[in-house]
Amino acid sequence: MNRVECLLIIATFLLFASLAGTPAMARAESDASPEEILPDTTSAQAGAPADPASQAAVWFDPRRVNLLVIIGLFFFLVLLFIRKAVRGRSLYVRKITGLSAIEEAIGRATEMGKAVLYVPGIDDVNNIQTIYSMVILGTVAKLVARYETPLIVPVCKAFVVPLAEETVKQGYLDAGHPDAYNPDNIRYLSDEQFAFTAGVDGIMLREKPAANLFLGSFFAESLILAETGFSTGAIQIAGTANIHQLPFFVVACDYTLIGEEFFAATAYLSDEPKLVGTLKGSDWMKVFVMGALIVGAILETFGVTAFTRWLTVQ
Amino acid sequence: MSVPKPEDVTSILATDCGSTTTKAILIEKKGDEYRLIVRGEAPTTVEAPFEDVTKGVLNAVREVEELAGRKLLSGESILSKAEDGEGADIYISTSSAGGGLQMMVFGVVKAMTGESAQRAALGAGAIVMDVIASNDGRLPHEKIRRIRQLRPDMILLSGGIDGGTTAHVAELAELLSAADPKARLGAGYMLPVIYAGNVDARDIVSERLGEKTALVLTENIRPVLERENLQPARHRIHDLFMEHVMAHAPGYKKLMNWTPVPVMPTPAAVGKIIETIAREEGIQAIGVDIGGATTDVFSVFQTVFNRTVSANLGMSYSISNVLAEAGLENIMRWIPFRVEEKDLRNRIKNKMIRPTTIPQSLEELMIEQGIAREALRLAFEQHKSLAVGLKGVQQERTISDTFEQSSSGETLVDLRQLGMLVGSGGVLSHAPRRAQAAFMLIDGFLPECVTHLAVDSIFMMPQLGVLSEVHPKAATEVFKKDCLIHLGPCVAPIGAGKEGVECLQVRLEREEGAASEGKAAKAKGTTESLSLKFGQMAVLPLGVGERGRLVLNPSKGFDVGAGSGRSLETKVDGGVVGVVLDCRGRRPFQLPSNEGERVKKLSEWNAALNVYPERK
């Protein structure tokens, strides 16, 4: 990691730390009367000491030290694992079958002489799942370019179209096949949920893609899409963080990414040290949170409340 | 020349023309059964100055003739029909002389049609020199250069399902056309190319390659991604092997006229006999042939036959490569005494430059067998990665698969189900003590639960493989009675524990009335019990021809095939070693990391199995 990146991270950390203190100041200010907040200009001018209330409204709120510690721990873990990954230490990420199967699905499409269909969900660009889906789309585009297989990306929201176009174009460029990029295959269908679904079903039935990838935010259309895809004989890989849709994907698709696996996809597919380090750091943070929950529950059972109180955000 | 009816066959003469020696065997019908009578061998004469493979064949047969006291030759040819105690009813042969059958295979996706093409070629007895695929990451000029450099005997071109991609197949055909490869043997002859891909691309392939190569079209090896159809391609490989490769090899035309059955590539013949035995016995089987330059592994799991050749793993010419691939540490972990790294390296290099030498001291033998363990382990690892289910196949899921989504292309090799492990090759067949061969097989393959171990006594599996094509009964009988030396079953519980923790209780009830040999004979009809701790090995005597009932009671956390901690009763056949009980753990199998401790444990295990004589 270079110094600039380190400085950026430290700056972000300080920003978070200051944010942890800011509400306290705001609250202290709100609790105080206007007279207490406004500096006493007369006494200041006379060289008298400042009002004690205005001195209490400082940058650091000791009641929120818990947040500072937890954020600090999170930063420490992420930085530690990024450092390890960058130095070439192999960080174990368990096998995610669904992600490993992406290349297999593209291979199947290649052997069958058919296209690969990639649906990045039905949400807009402001949804984190759509953003993650675009990152995965970049990897998929690179792979299909290498396999010289067509890629069709139907899009539901207009704002996603330029993002998808650029992502796929970059993927083809990275693979050294810019000539194979076909902008007509990034298809805006409709902003309406079921009109879009009908459009994608139409593509599946007419063009019979051999591999369908549903990765993003899906709702009621999930089963309709996955069942249609299954009937066409395609290998299907789905992934969404909308857990209410997972059962439908599981039964109708060959492989399904469950919840967090979807967010791990970028690190898993790219094997980029910084992404893998971040993934490992956040995983260990989750382990810490789970551990804290268990310890808290045990202590509460025995009537020891100090730990829980310390963790409570005031 | 016609093949006689099986019931008319009373004597069989078979040869295997290897790279260095030609082996001949004579099989005769004695009463109701077929038995091996004698064996002879002579140097192979395919290279200069003789350049005629039949000279070596005649020399080997002459030795058989002298040993059996039966006239088999008539001048410079083999007597084809048995009359008045002369000649043999049928003569058959295999060949791996001159490097065997060397092939390159092509596929669109390496893990799909590329892998299927590889399996088709390997199953036909070929050495696959390279797999060229659209997605193999090489640039076109690199592929062309590779094709020109390798000069294979034959090429198998596949790709696309029927009705699938034609563009990728055309691209592969164009690469091949641009490379304009020449056949390894027979200058001026066109290179045989078998096209076994998408039927829709046949015209394109014919247009590109029809004039430049001896192109043969056959059925698609992957008509749909869900199914492989390897047999038509394998038959074409055999045909072309005979028509082109054999016909251009020195002396093979004459040899082919002596036999009514096509000369089979040696590995294909070995695979054939393993397949036949697995089918007839209804077991899952693995066979291994560890040679000087290559190691072949054959397996039959779920009735699917697979063969792989590790072209760079062997005990003489390729011994340095075993060191390079396994690493010095992995070799040293099997040696039961302290050895300097430099000393070990020197010994290995010496073996490479003097490939025909054999160990002269106990230390040398231990080192050689340590290297063999690693060669076997690496060859088996390679085999497991190729003996896999089909990739790119659509799955059907239920909600119960949510957290356990198995992927396609998993290995077919399941050591829990393995019934028989057969070893062959000098280091196994000629080990001074059979227990050494058993121990090498156990350490190299790490069999799990209950597995029967055997070695090929005099490496006649190739001849029996080709014999199984024309006379399966004779092949099976000779294989069971004369070819195999049964070492005995190996019991290895799956699981790991702490050193000294109770692992397995065994009770062996020997059956009465069975014929027995060796020192186990006196124990016939008796019962013996043993309790083993984790990290221990032991042997219960059960001689060749004896049968027994094994009652296995594993401790909690250990599995002998019935589930964790569950008892298992099974019938087992004896062998020259007996019932080997291996409680060193599986999944993972680990040797002590501390050198002193490791040497102590290795010595302890060697003593338990009586593997080596005591060192003075």
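Residues numbered from 1 in each chain as written. Chains lettered and ligands numbered in written order. Predicted model: local features only at pLDDT ≥ 70, side-chain atom pairs only at ≥ 80, totals over all residues. Heavy atoms only, no water.

> So what's going on with the overall build of chain B? Residues and values would help.
For chain B, the count of helices and strands is 17 helices and 24 strands. Its C-alpha atoms give chain B a radius of gyration of 25 Å, near enough to 25 Å, the size a compact globule of 616 residues would have. Its C-alpha atoms give chain B principal-axis dimensions of roughly 70 × 70 × 50 Å. Taken over 616 residues, chain B has a buried fraction of 58%. Residue pairs in contact within chain B that sit at least 24 positions apart in sequence constitute 70% of those at least 6 positions apart. On chain B, roughly 24700 Å² of surface is accessible, and the fraction owed to carbon and sulfur atoms is 48%. Across chain B, the 72 positively charged side chains and the 78 negatively charged ones have centroids separated by 4 Å. (Helix = DSSP H or I, 4+ residues; strand = E, 2+ residues; numbered from the N terminus. Rg over C-alpha atoms; globule rule 2.2 N^0.38 Å. Buried < 20%, exposed > 50% of the residue type's maximum accessible area, 1.4 Å probe, protein only. Contact = heavy atoms within 4.5 Å. Areas by Shrake-Rupley, 256 points an atom, 1.4 Å probe, with all protein chains shown as cover. Lys, Arg positive; Asp, Glu negative; His and termini not counted. Charge placed at Lys NZ, Arg CZ, Asp CG, Glu CD.)

> Just give me the short version of the overall build of chain A, but keep the residues and values in it.
Scanning chain A from N- to C-terminus turns up 14 helices and six strands. Taking all 314 residues of chain A together, the buried fraction comes to 42%. Long-range contacts, defined here as pairs at least 24 residues apart, represent 72% of the contacts in chain A between residues at least 6 apart.

> Give a detailed account of the pairing of strand β13 (residues 284-290) of chain B, specifying residues and quantitative values.
Residue and element names in this part refer to chain B. Of all seven residues making up β13, six are buried, and the element is well covered by its neighbours. In terms of strand pairing, β13 meets strand β16 (residues 418-424) through six bridges, oriented parallel. In the sheet register, Gln 284 faces β16, and the bridge partner there is Leu 418. Taking the residues between adjacent antiparallel strands as the criterion, β13 and strand β14 (residues 295-301) are bridged by four residues. (Pairing = 2+ DSSP bridges.)

> Which residues make up the interface of chain A and chain B, and what are the values?
Between chain A and chain B, the contact holds 24 residues from the first and 31 residues from the second. Taken together, chain A and chain B are joined by one salt bridge. A salt bridge links Glu226(B) to Arg108(A), with the nearest nitrogen and oxygen atoms 3.0 Å apart. There are eleven residue pairs in polar contact (both at pLDDT 80 or more) connecting chain A and chain B. Contributions of two or more residues to the side of chain A that touches chain B are made by α6 (97-112), α7 (128-147), α11 (246-252) and β6 (255-258) of chain A. Tallying contributions element by element places α6(A) first for the side of chain A that touches chain B, with seven residues. For the side of chain A that touches chain B, a count of residues per class yields eleven nonpolar, six polar and seven charged. (Salt bridge = Lys/Arg side-chain N within 4 Å of Asp/Glu carboxyl O. Polar contact = N/O pair within 3.5 Å; in protein donor to acceptor, adjacent residues only side chain to side chain. Nonpolar A, V, L, I, M, F, W, Y, C, P; charged D, E, K, R; others polar.)

> How would you summarise unusual backbone geometry if you had to cite specific residues and measurements?
Residues and elements named next belong to chain B. Geometrically, the link from Arg 587 to Pro 588 is a cis peptide bond, its omega value of 5° lying close to zero. Mapped onto the elements, Pro 588 comes out in the loop between β24 (579-582) and α17 (595-609). Notably, Arg 151 is not glycine yet its phi reads approximately 45°, a positive angle. Relative to the helices and strands, Arg 151 is located in the loop between α3 (140-150) and β9 (154-157). In this structure, Leu 446 takes a positive phi of about 45° despite not being glycine. Looking at where Leu 446 falls in the secondary structure, it is placed in the loop between α14 (434-445) and β17 (449-456). Classification of Leu 446 by relative accessible area gives partly exposed; the value is 23%.

> For the pattern of salt bridges, give the residues involved together with the corresponding values.
All names here are of chain B. Tallied over the full model, the rule gives 53 salt bridges over all chains. For Arg 119, the salt bridge is made with Glu 115, and the minimal N-O distance between the two is 3.5 Å. You can see Arg 119 and its partner Glu 115 sitting in helix α2 (residues 110-123), four residues apart, about one turn around the helix. Of the residues examined, Arg 119 reaches a relative accessible area of 5% and is grouped as buried. With a closest N to O distance of 2.7 Å, Glu 281 and Lys 480 form a salt bridge.

> Tell me about the packing of aromatic side chains, and please be specific about residues and values.
Centre distance and the angle of the planes are the two values used to describe a pair of aromatic rings. Inspection of every chain in the model, using the stated rule, returns ten aromatic pairs over all chains. A ring pair is formed by Phe218(A) and Phe249(A), whose centres lie 5.4 Å apart and whose planes are at 90°; its orientation type is edge-to-face. With a gap of 31 residues between them, Phe218(A) in the loop between β4 (211-217) and α10 (222-231) and Phe249(A) in helix α11 connect regions that are remote in the sequence. Look at Phe249(A) and you get buried, because its relative accessible area is 0%. Ring-pair connections join several aromatic residues into one group, and the members of that group are Tyr132(A), Phe262(A) and Phe263(A). Against the face of Phe439(B) rests Arg373(B), its NZ or CZ located 5.1 Å from the ring centre. Positioned above the aromatic ring of Trp605(B), the side-chain terminus of Arg584(B) is 4.9 Å from the ring centre. (Phe/Tyr/Trp six-rings, centres within 6.5 Å; stacked < 30°, edge-to-face > 60°. Lys NZ or Arg CZ within 6 Å of the ring centre and 35° of its normal.)

> Let's hear about the domain arrangement of chain B: which residues, and what values?
Residue and element names in this part refer to chain B. Taken domain by domain, chain B comprises domain 1 (6-97) and domain 2 (100-252). Taken over C-alpha atoms, the centre of domain 1 sits 35 Å from the centre of domain 2. A combined buried area of about 530 Å² lies between domain 1 and domain 2, and 56% of that area is made up of carbon and sulfur atoms. Among the residues domain 1 hides against domain 2, the three largest losses belong to Val 46, Val 53 and Ser 95. Together they make up 57% of the total. Put simply, domain 1 and domain 2 have zero salt bridges between them. For the pair domain 1 and domain 2, the interface holds two residue pairs in polar contact (both at pLDDT 80 or more). (Domains from an automatic or database assignment. Buried area = accessible area lost by both parts, 1.4 Å probe.)

> Could you give an account of the domain arrangement of chain A, with specific residues and numbers?
Residue and element names in this part refer to chain A. With domains assigned, chain A is organised as domain 1 (3-90 + 273-311) and domain 2 (97-270). Taken together, the contacts link four residues of domain 1 with five residues of domain 2. Summed over both sides, the interface of domain 1 with domain 2 buries roughly 340 Å², with 70% coming from carbon and sulfur. Taken as a group, Leu 275, Leu 279 and Lys 286 account for 87% of the area that domain 1 buries against domain 2, more than any other trio of residues on that side. Taken together, the links from domain 1 to domain 2 amount to one salt bridge.

> Tell me about the layout of surface pockets, and please be specific about residues and values.
To find leftover empty space, a probe the size of one water molecule is rolled over the atoms. Residues and elements named next belong to chain B. Put simply, the largest pocket is a space of about 1600 Å³. Taken together, 50 residues line the largest pocket, and the ones lying closest to its centre are Thr 20, Ile 290, Gly 291, Gly 292 and Gly 426. When residues of the lining of the largest pocket are traced back to their parent elements, those giving at least two are β2 (21-30), β3 (33-43), α8 (266-281), β13, β15 (304-310), α12 (362-386) and α13 (426-429). Domain assignment of the residues forming the lining of the largest pocket places at least three in each of domain 1 (6-97) and domain 2 (100-252). Counted as a void, the second largest pocket has a volume near 900 Å³. Secondary structure elements with two or more residues in the lining of the second largest pocket: α8, β16, β17, α16 (472-483), β18 (484-492) and β23 (568-573). (1 Å grid on protein atoms, 1.4 Å probe; cavity = no way out; pocket = protein on both sides within 12 Å on 5 of 7 lines; lining within 4 Å. Points joined across faces, edges and corners; volume = space filled by probe spheres on them.)

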